[in-house]
Amino acid sequence: MKPISLATLGQFKKDKHKFATITAYDASFAQLFVEQGIQVMLVGDSLGMTVQGETSTLPVTVEQIAYHTRCVRKGAPDAFIIADMPFMSYATPEQACANAAVLMQAGANMVKIEGGSWLCDTVKMLCERSVPVCGHLGLTPQAVNVLGGYKVQGRDEVTANQLMKDAIALENAGIQLLVLECVPTSLASSITEELLLPVIGIGAGSGTDGQILVMHDALGITARPPKFAKNFLAQAGNMQDAIRLYIQEVEAGIYPSEAHSFE
Ligand code: KIV
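None of the values given here were measured: they were computed from a predicted structure.

Procedures and definitions
- Residues numbered from 1 in each chain as written.
- Predicted model: local features only at pLDDT ≥ 70, side-chain atom pairs only at ≥ 80, totals over all residues.
- Heavy atoms only, no water.
- Helix = DSSP H or I, 4+ residues; strand = E, 2+ residues; numbered from the N terminus.
- Contact = heavy atoms within 4.5 Å.
- Axes fitted to C-alpha atoms, helices over the stretch in contact; angles between N-to-C directions.
- Parallel < 35°, antiparallel > 145°, perpendicular 65-115°, else oblique.
- Left-handed = near helix turned anticlockwise from the far one by under 90°.
- Nonpolar A, V, L, I, M, F, W, Y, C, P; charged D, E, K, R; others polar.
- Near = heavy atom within 4 Å.
- Polar contact = N/O pair within 3.5 Å; in protein donor to acceptor, adjacent residues only side chain to side chain.
- Salt bridge = Lys/Arg side-chain N within 4 Å of Asp/Glu carboxyl O.
- Buried < 20%, exposed > 50% of the residue type's maximum accessible area, 1.4 Å probe, protein only.
- UniProt positions renumbered as here; feature names shortened; annotations may be inferred.
- Expected span 1.5 Å × (residues − 1).
- Pairing = 2+ DSSP bridges.

As a further point, take the side chain of Gln-211. Along the chain, the position of Gln-211 falls in strand 8 (residues 210–213). Those residues in contact with Gln-211, other than ones at most four positions away along the chain, are Phe-19, Ala-20, Thr-21, Ile-200, Gly-201, Ile-202, Gly-205, Ser-206, Tyr-246, Val-250, Tyr-255 and Pro-256.

The following block contains the structure:
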């Protein structure tokens, strides 16, 4: 299979070809995901909860994301790997550049940062220095202490308008992908239509260009999964078929259904 690039994802958006992505933290699962057809993986700071047993993503460090990125890269040499920049690792543009360098040198193709317009200078600085950037809006788990919990975002007109403005500002600053987490389906669809770049949803309904799931949610490992999660292993019976089912349901627009979405 030809290695996937941001241009491929841009073409998927133009062709209205929906694509499935997943989190990965180690070489074995990364290899399994690639073998079933996943071409884009996120080394998410969700590893704080899924791998380390923490109660939030805040304790995760740059070195830990770099370690897991190296593991995933070894299992998936041709995949497009996005590495999460942990809490406070991009508090200033200069810090962002130094820490993004560590993650890119560990094997990432792109870094992901959580937040709105305040990040525009950081995005510009990273892009100018050849680091592709993925934005992350809506429920941004690193801000859990400000948001007051893991809650759906953009439910009222003011916050919905702000999310749209942030998305446009980040695209203008240079992000090339956007993750939208836990926002109402109609808002996520409007943002997806407004932006030229591909939008990947999680708990954002079926109107986005792609979907992402935390692998532990997709494989039924999470003890108390969020509403938008689906246990594909329960239906498929084994991990390989579960991942193939996930991809098929995303491509066919079956997942996420209304039962897995917010309005
Ligand atoms: O850390 C993570 O796994 C994420 C996804 C939920 C998008 O940011």
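As a packed pair, helix 4 (residues 62–75) and helix 5 (residues 93–105) sit with axes 8 Å apart at the nearest point and diverge in direction by 20°. By the angle class used here, helix 4 and helix 5 are roughly parallel. Seen from above, helix 4 lies across helix 5 with right-handed handedness. Contact residues: Val-62, Ile-65, Ala-66 and Thr-69 in helix 4; Asn-99, Val-102 and Leu-103 in helix 5. For the contact of helix 4 with helix 5, the per-class residue count stands at five nonpolar, two polar and no charged.

Looking now at the site of the ligand. Contacts to the ligand come from 13 residues, most closely from Gly-44, Asp-45, Ser-46, Asp-84 and Lys-112. Asp-84 has a polar side-chain atom sitting 3.0 Å from an oxygen atom of the ligand. Split into classes, the residues belonging to the shell around the ligand amount to five nonpolar, four polar and four charged.

Under the counting rule described, the total for this entry stands at five salt bridges. Notably, a salt bridge pairs Lys-13 with Asp-209, separated by 2.9 Å at the nearest N-O pair. Of the two residues, Lys-13 sits in helix 1 (residues 6–14) while Asp-209 sits in the loop between strand 7 (199–202) and strand 8, which places them 196 residues apart along the sequence. Like Asp-209, Lys-13 is buried. Of the charged contacts, one joins Arg-244 and Asp-241 as a salt bridge, the two residues approaching to 2.6 Å between their closest N and O atoms. Pair noted here: Arg-244 and Asp-241 are both in helix 12 (residues 239–251), with a separation of three residues, about one helical turn.

Here we take up the UniProt feature "binding site: Mg(2+)" (unreviewed entry) in the protein. Taking the UniProt record as the reference, the feature "binding site: Mg(2+)" (unreviewed entry) is found at Asp-45, Asp-84 and Glu-114. Sequence-wise these annotated residues cover 70 residues; spatially they are packed, their C-alpha atoms never more than 11.0 Å apart. Assignment of secondary structure puts Asp-45 in the loop between strand 2 (40–43) and helix 3 (47–50). The class of Asp-45 is buried, set by a relative accessible area of 4%. When residues no more than four places from it in sequence are discounted, the contact partners of Asp-45 are Thr-57, Val-60, Ile-65, Asp-84, Pro-86, Glu-114 and Gln-142.

Its 13 residues give helix 12 an end-to-end C-alpha distance of 18 Å, which sits within 8% of 18 Å, the value for a rise of 1.5 Å per residue. Where helix 12 is concerned, the buried positions are Ala-242, Ile-243, Leu-245, Tyr-246, Ile-247, Glu-249 and Val-250. Looking at the packing, one finds that the buried side of helix 12 touches strand 1 (19–23), helix 2 (27–36), strand 8 and helix 11 (232–236). Just beyond helix 12, the residue with positive phi is Gly-253, at close to 75°.

Taking burial as the measure, the five residues of strand 6 (residues 177–181) include five buried ones, the bulk of the element. Of the two faces of strand 6, both are covered, the one formed by Leu-177, Val-179 and Glu-181 as well as the one formed by Leu-178 and Leu-180. Note: strand 5 (residues 133–138) against strand 6, five bridges, orientation parallel. Bridge pairing in strand 6 places Gly-135 opposite Leu-178. Of the strand pairs in this sheet, strand 6 and strand 7 are connected by four bridges, and their pairing is parallel. In the strand pairing of strand 7, Leu-178 is matched with Val-199.

Turning our eyes to something else, we now look at the side chain of His-68. Relative to the elements of secondary structure, His-68 occurs in helix 4. Owing to a relative accessible area of 10%, His-68 belongs among the buried residues under this scheme.

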